[in-house]
Amino acid sequence: MAVRIVDSADVADGASIGDGSSIWHLAQVREGAVLGENCVVGRGAYVGTGVQMGDNCKLQNYALVYEPAVLEDGVFVGPAVVFTNDHFPRAVSPDGALKTGDDWEAVGVTCRTGASIGARSVCVAPVTIGRWALVAAGSVVTRDVPDFALVAGVPAKRIRWVGKAGVPLEQDDSGTWVCPQTGDHYTEHDNTLTEAVAP
């Protein structure tokens, strides 16, 4: 499989792009970034120095993924999403001198397998988005998101559970959570959702 990088994209020589991946117009991928196979980096998106992305990830237009973010396989990042990387951002030090990269410690956002981040959301590092979790559009994530959680708001809070298909789950008479699309079952214990073991 070939890698597709359009002429207007800016991909550093030191970046690693997996087979089948596409980097679209005006996107920038910095040195040391590693993208797995079949990734899509949309128009105007930014992938910072040393960012790690697994296979089959999608960054939609103008998403900003600052280092040291880590995206596992199958992560979706919607249009204009921002992953921050600084606890206490300042352009200058207390004496007024311009700060440099040596004057702060970068902290990152981690997205576990299958997670989806809705359009214009902001993930304030350090934070982890759990497996198959879904962040609603326009949310501000300030704390870790559990696996399979649907979170929304400012700050984001869990409002539902979702399955791997991204569809809100429904609870049956036995208290088990069921995906109406796939029929998959999930169990909840202490505010944690796990996939039910097949009989």
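Please refer to the structure placed before this passage.
Summary of the structure given here. The model shown is predicted, which means the values in this text are computed figures rather than measured ones. (Residues numbered from 1 in each chain as written. Predicted model: local features only at pLDDT ≥ 70, side-chain atom pairs only at ≥ 80, totals over all residues. Heavy atoms only, no water.)

Examining the overall build of the protein
So, point 1. Within the protein, the regular secondary structure consists of 0 helices and 26 strands.
So, point 2. Against the 2.2 N^0.38 benchmark of 16 Å for 199 residues, the protein shows a C-alpha radius of gyration of 18 Å, consistent with a compact globule.
So, point 3. In terms of its C-alpha atoms, the protein occupies a principal-axis envelope of roughly 60 × 50 × 25 Å.
So, point 4. Residues counted as buried form 38% of the 199 residues belonging to the protein.
So, point 5. Within the protein, residue pairs in contact and separated by at least 24 positions form 17% of the contacts whose partners lie at least 6 positions apart.
So, point 6. Counting every atom, the protein has about 10300 Å² of accessible surface; 51% of that belongs to carbon and sulfur. (Helix = DSSP H or I, 4+ residues; strand = E, 2+ residues; numbered from the N terminus. Rg over C-alpha atoms; globule rule 2.2 N^0.38 Å. Buried < 20%, exposed > 50% of the residue type's maximum accessible area, 1.4 Å probe, protein only. Contact = heavy atoms within 4.5 Å. Areas by Shrake-Rupley, 256 points an atom, 1.4 Å probe, with all protein chains shown as cover.)

Details of the packing of aromatic side chains
So, point 1. For the structure on display, the rule yields 2 aromatic pairs.
So, point 2. Ring centres of Tyr46 and Tyr66 lie 5.2 Å apart, and the angle between their planes is 45°; on these two criteria the pair is classed as tilted. Here Tyr46 is found in strand β8 (residues 46-47), whereas its partner Tyr66 is found in the loop between β11 (64-65) and β12 (70-71), with 20 residues between them in sequence.
So, point 3. Under the relative-accessibility criterion, Tyr46 is labelled buried at 13%.
So, point 4. Residue class for Tyr66 comes out partly exposed when judged on its relative accessible area of 29%.
So, point 5. Directly above the ring of Trp161 sits Arg158, whose terminal nitrogen or CZ lies 4.0 Å from the centroid. (Phe/Tyr/Trp six-rings, centres within 6.5 Å; stacked < 30°, edge-to-face > 60°. Lys NZ or Arg CZ within 6 Å of the ring centre and 35° of its normal.)

Observations regarding the sheet that holds strand β19 (residues 134-135)
So, point 1. In spatial order, the strands read β1-β4-β7-β10-β13-β16-β19-β21-β22; together these 9 strands make up an open sheet with mixed pairing. Bordering the open sheet on either side are β1 (4-5) and β22 (157-161), each of which pairs with just one other strand.
So, point 2. Pairing between strand β10 (residues 58-59) and strand β13 (residues 76-77): 2 bridges, direction parallel. Its bridge partner being in β13, Lys58 is matched across the sheet by Phe76. (Pairing = 2+ DSSP bridges.)

Thoughts on the sheet that holds strand β23 (residues 170-171)
So, point 1. Pairing in this open sheet of 4 strands is antiparallel, and the strands run β23-β24-β25-β26 from one edge to the other. Only two strands of the sheet have a single neighbouring strand rather than two, namely β23 and β26 (192-195).
So, point 2. One ladder, built from 2 bridges, connects β23 with strand β24 (residues 177-178); its direction is antiparallel. Residue pairing for β24: Glu170 is matched across the bridge by Val178.

Comments concerning the pattern of salt bridges
So, point 1. By the definition in use, this model includes 5 salt bridges.
So, point 2. The partner of Glu195 in a salt bridge is Arg131, with the nearest N and O atoms 3.1 Å apart. Here the residue Glu195 occupies a position in strand β26, and Arg131 occupies one in the loop between β18 (127-129) and β19, the gap between them amounting to 64 residues.
So, point 3. Judged by relative accessible area, Glu195 falls into the partly exposed class, the value being 36%.
So, point 4. Beyond isolated ion pairs, a larger network of salt bridges with shared partners links Arg131, Asp147, Lys164 and Glu195. (Salt bridge = Lys/Arg side-chain N within 4 Å of Asp/Glu carboxyl O.)

Observations regarding the side chain of Ser21
So, point 1. Topologically, Ser21 is positioned in the loop between β3 (16-17) and β4 (22-23).
So, point 2. The residues touching Ser21, leaving out its near neighbours within four places in the chain, are Ala2, Val3, Arg4, Gly36, Glu37, Asn38 and Cys39.

A look at the environment of Thr142
So, point 1. If you trace the backbone, Thr142 turns up in the loop between β20 (140-141) and β21 (149-152).
So, point 2. Sequence separation between Thr142 and Val127 is 15 residues, and the spatial gap between their C-alpha atoms is 6.8 Å.
So, point 3. The residues touching Thr142, leaving out its near neighbours within four places in the chain, are Val124, Val127 and Pro155.

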